[in-house]
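# Structural overview for review
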Amino acid sequence: MRHAARPGSRHRCGHCFASRPCLERAARPQGGGGGGMLATGTESLLRQASVCLILVSREVGAEELGRFCARVSALLQAEDWGPDALDALRRLFLIVAATKYSRRLEPTCVALLQTTLCSPRCPERLQLLCAAVLREMAPSDSLSLSCDHAQSSRQLGLVASVLLAQGDPQQVRTVGQCVIKVLESRQPEGPSLTYLLPVVSKVTSLAPDALPEEQTKALSKRLGDWLRYASVQQGAAHASGGFFSTPRARQPGPVTEVDGTVATDFFTVLSTGQRFTEDQRLNVQAFSMLRAWLLQGGPARPGAADADDRSELEGSTVSVLSAASAASHLLPPAEWLREKALEYCQRLLEQSGRRALRKADSDLQKACLVEAVLVLDVLCRQDPSFLYRALPCVRALRTRLCGDTACVRALLPIAQFFLHHGEAAAVDADAVCQHLFTRIPSEHFHSPMLAFEFVQFCRDHLVLFGSNLDLLRTSFPNLFKFLAWSSPALTSGFVALLPVLVDAGTAVEMLHLLLDLPSLTAALDLQLRASQAASERPLWDVSVRAPGCLEALRDPQAQGLFQHLLRAKASGTVERLTPLHQLLQPLASCARVLQCAQAVPTLLRAFFAAVTQFASGALASQLALLLLERSDSLFQVEGYEADVHRVLSSQFPALCKLHPPLVVERAKELLEFVGSLGGPRSTGHMLTSVVWAIGEYLSVSWDRRCSAEQISRFFEALEALLFEVTQSRPSAALPKCPPQVITVLMTTLTKLASRSQDLIPRVSLLLSKMRTLAQSPAVGPVHGEDDLGAVRTRATELLNLLKMPSVAQFVLTPSVEVSQPRYHRDCNTALPLALDMVSRLLEREAGLLPG
């Protein structure tokens, strides 16, 4: 026996280009079919779609599209509605859909598509495809469709879907009125209504005020009836007409529960059977649009007349059962729908506890659990009187699901329920959130759907966390497991979440973990593979070729580092993970690790944008020191170090600008960093930004503690570094030093000399040597003429400037009053505009120079 069609099934409103028989085979019960029929039908559709996408993946030009439209037009005009027309329309849909650019079809083709869509003789599959193509063309000026053209409710659903895709508010209202009139008609409930409920749901989502109040009330009443009073008997089987067929054999039986027992309560989406009646299909569709409809309805506003009715009933002498039944029927439509929705959700929670016989039904149980709790949350927010009726079942559900790893997704709406109503229901929401943030990310980080929903849950409920916001912040190591495993899908979500997660207490630890994110991905990958049997590992598993990784995971000496990297909460401590990086190195080429490494620069920019909004001087100093320490201790992933250095090099000057005294406070660490920058490390972005920051902020104007001795020590260290980078010959292990590094070193040395004039002769001699070196033909083939020209120009400008020490100090070390606002930009490799002006004056007016 098969389950009922799922809520929101797309084939009901024709929003799919696949043929309807394929969809019916995938979603409609076919009399005793096996539980794998749905999966088989879905896989078949996916294979068809994959083949078609490959066929249209190449670029289709306007001329070729025109020829193809002419072929489609010829087939439709001749009413040749066979396989050729079906295949041509499928290809046409994929051509116009599989591109981000708008496609314009021939007016004749568009007109024939509309005619075919409204033809009563056209096969249903072709009409589905015509509607799909017309929706992809929206908005279209050549559209002449109208709801009046539809000759059946099925055609009305397709025409309405095309008109709604145009995005015209007036058209939305017109479609809504037309569909509501059909729904309000007193005709027997037939297959027509199943095509129109999705249209109504779409109309209300596009224009909540499109339906008048009276029509909204009428539809709310009917939705409540469909939810509660659908038939509990299975649909009748079609008569085979055979000799041995008897009326008794064709009698429908009762629907059953997912565990195979006969249903003893009303029909729901979790009821199963071989065939279903139309009111049962309406029951499923009503539940699929229930939450959106309730949200459009707003909070309950019971009137005085309703209160009088209820009080009169309460005082009557009829039996309790009769009073309850009468009171239920006298409820206003909105309250009637809420009442039936509550009963429906309580029934679903009861059904979800049954043991399903088929995996498809088990998956449907989990989906219905999520939706039922979300609907209960909406009901309790709109009418608080529902809370005390819904609370016992939600509380029991949470107790049952806490130990059930298969239904972990349902814990998110349960947590949302208690965040909204925990205070009113005297429930400790802290305990719910504690379980949510502690166990779920650690155990289910590899579930992409759960990861997306978890991050979205955090973003949507930041205001509700209140005192639990500290719990969210201290749980960032666990949340980052989702990010490390599914970084392409979650990067934008975490960019929005980082400003809330980071604070002064967690900033340093969070930055460490962001820089270690690729190694966290590798560790999670290793942990997941270690928990699987060897026979279950995929053939492309890198650990199969590098068994040392799995052995390292069990190594007692590495256990501490693994545990620190995989911690669930912020510990307030940091560990140098360089030994762990070496153990995880064989996994550095995994696709998931590479994807994570590509996301880190974006996350780092978001992190620093948030931190600079509140960072104190002490925190800025800590972060600057962290950048120096971590610049040479990153997980070695292809291209990762260069990308991270580009970000860090832009953030180091920003931290110095935020707290200029940090250059003096961290003088020892900066000297050690500059002293260790020999060899290949002397060519990076980080060196340029650090050297620039030293020249900019190592001054008494920024910190009174700056001394001539400190300036001399930095001068000697940078002088030695400049000598090393200019005298070393480039090789495979030692690439050539870019001219930006050389010019920044020369500029910084000149700045330091202008602040301690005893150093002016030394820097003048050094600049003369650099100018001579740049003019030497021996270094031309190594650096290139343009690079050498930049070095010569900078050396000449600095030498001219040093001829007037007082002017040099004014230009290279302007006071705060002069430099704010600055009418120029000193972007690491360029001197202020004043430098060029003074150079020109010195060249033209050499006779005015003293001496």
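Structure: see above.
Residues numbered from 1 in each chain as written. Predicted model: local features only at pLDDT ≥ 70, side-chain atom pairs only at ≥ 80, totals over all residues. Heavy atoms only, no water.

### A short note on the packing of helix α24 (residues 487-501) against helix α31 (residues 591-611)
Spelled out, the test is: Helix axes use the C-alpha atoms of the stretch in contact, all axes being lines fitted to C-alpha atoms, and the angles between their N-to-C directions lie in the range 0 to 180 degrees. Secondary structure elements follow DSSP: runs of H or I no shorter than four residues count as helices, runs of E no shorter than two count as strands, and numbering proceeds from the N terminus. Each angle gets one of four labels, with under 35 degrees taken as roughly parallel, over 145 as roughly antiparallel, 65 to 115 as roughly perpendicular, and the rest as oblique. Any pair of residues with heavy atoms lying within 4.5 Å of one another is described as a contacting pair. In the scheme used here, Gly and all other residues not listed as nonpolar or charged are polar, with Ala, Val, Leu, Ile, Met, Phe, Trp, Tyr, Cys and Pro taken as nonpolar and Asp, Glu, Lys and Arg as charged.
As a packed pair, α24 and α31 sit with axes 9 Å apart at the nearest point and diverge in direction by 10°. As summarised for this structure, α24 and α31 are arranged roughly parallel, according to the angle between their axes. For the pair α24 and α31, contact is made by Ser 487, Pro 488, Thr 491, Phe 494, Val 495, Leu 498 and Pro 499 and by Gln 595, Cys 596, Ala 599, Thr 602, Leu 603, Ala 606, Phe 607 and Ala 610, respectively. Along the lines of polarity and charge, the residues of the contact of α24 with α31 split into 11 nonpolar, four polar and no charged.

### Some remarks on the side chain of Arg 567
Here is the rule: Between N or O atoms, a polar contact is any pair within 3.5 Å; within protein, one atom must be a potential hydrogen donor and the other a potential acceptor, and residues adjacent in sequence are included only when both atoms are from side chains.
By the secondary structure assignment, Arg 567 is in the loop between α29 (556-565) and α30 (578-584). A polar contact is formed between the side chain of Arg 567 and the backbone oxygen of His 564, at a distance of 2.5 Å.

### Some words on helix α9 (residues 197-206)
This is how the line gets drawn: The buried label goes to any residue with under 20% of its type's maximum accessible area, the exposed label to any with over 50%, and the partly exposed label to all in between, with areas taken from a 1.4 Å probe on protein chains only.
Among all positions in α9, only Leu 197, Val 199, Val 200, Ser 201, Val 203 and Thr 204 are buried. Where the residues of α9 are buried, they touch α7 (153-165), α8 (169-184), α10 (213-228), α11 (278-288) and α12 (290-297).

### Here's the deal with the packing of aromatic side chains
The test is simple: Put simply, two rings from Phe, Tyr or Trp (the six-membered ring, in Trp's case) pair if the centres are within 6.5 Å, and we call them stacked under 30 degrees between planes, edge-to-face over 60, tilted for the rest. Charge-over-ring contacts are defined here by two conditions on Lys NZ or Arg CZ: a distance within 6 Å of the ring centre and an angle within 35 degrees of the ring normal.
Considering all chains together, one arrives at 13 aromatic pairs under this definition. Between Tyr 229 and Trp 336, the ring centres sit 6.3 Å apart and the planes meet at 25°, which makes this aromatic pair stacked. Of this pair, Tyr 229 sits in the loop between α10 and β2 (272-273) while Trp 336 sits in helix α15 (residues 333-352), placing them 107 residues apart in sequence. The structure contains a cluster of three or more aromatic residues connected by ring pairs, namely Phe 266, Phe 287 and Tyr 344. Sitting over the ring of Trp 336, Lys 340 keeps its end group 4.6 Å from the ring centre. The ring of Phe 266 has Arg 347 sitting right over it, with the charged end atom 5.8 Å from the ring centre.

### Overview of unusual backbone geometry
The omega angle of the peptide bond from Ala 138 to Pro 139 is -10°, so this bond is cis rather than trans. In this structure, Pro 139 sits in the loop between α6 (124-136) and α7.

### Here we look at the environment of Arg 154
Here Arg 154 is to be found in helix α7. Note on Arg 154: relative accessible area 17%, which makes it buried. Discounting chain neighbours no more than four positions away, the residues touching Arg 154 are Glu 124, Gln 127 and Tyr 195. A distance of 2.4 Å separates the side chain of Arg 154 from the side chain of Gln 127, its partner in a polar contact.

Function-wise, these values are silent; they only describe arrangement.
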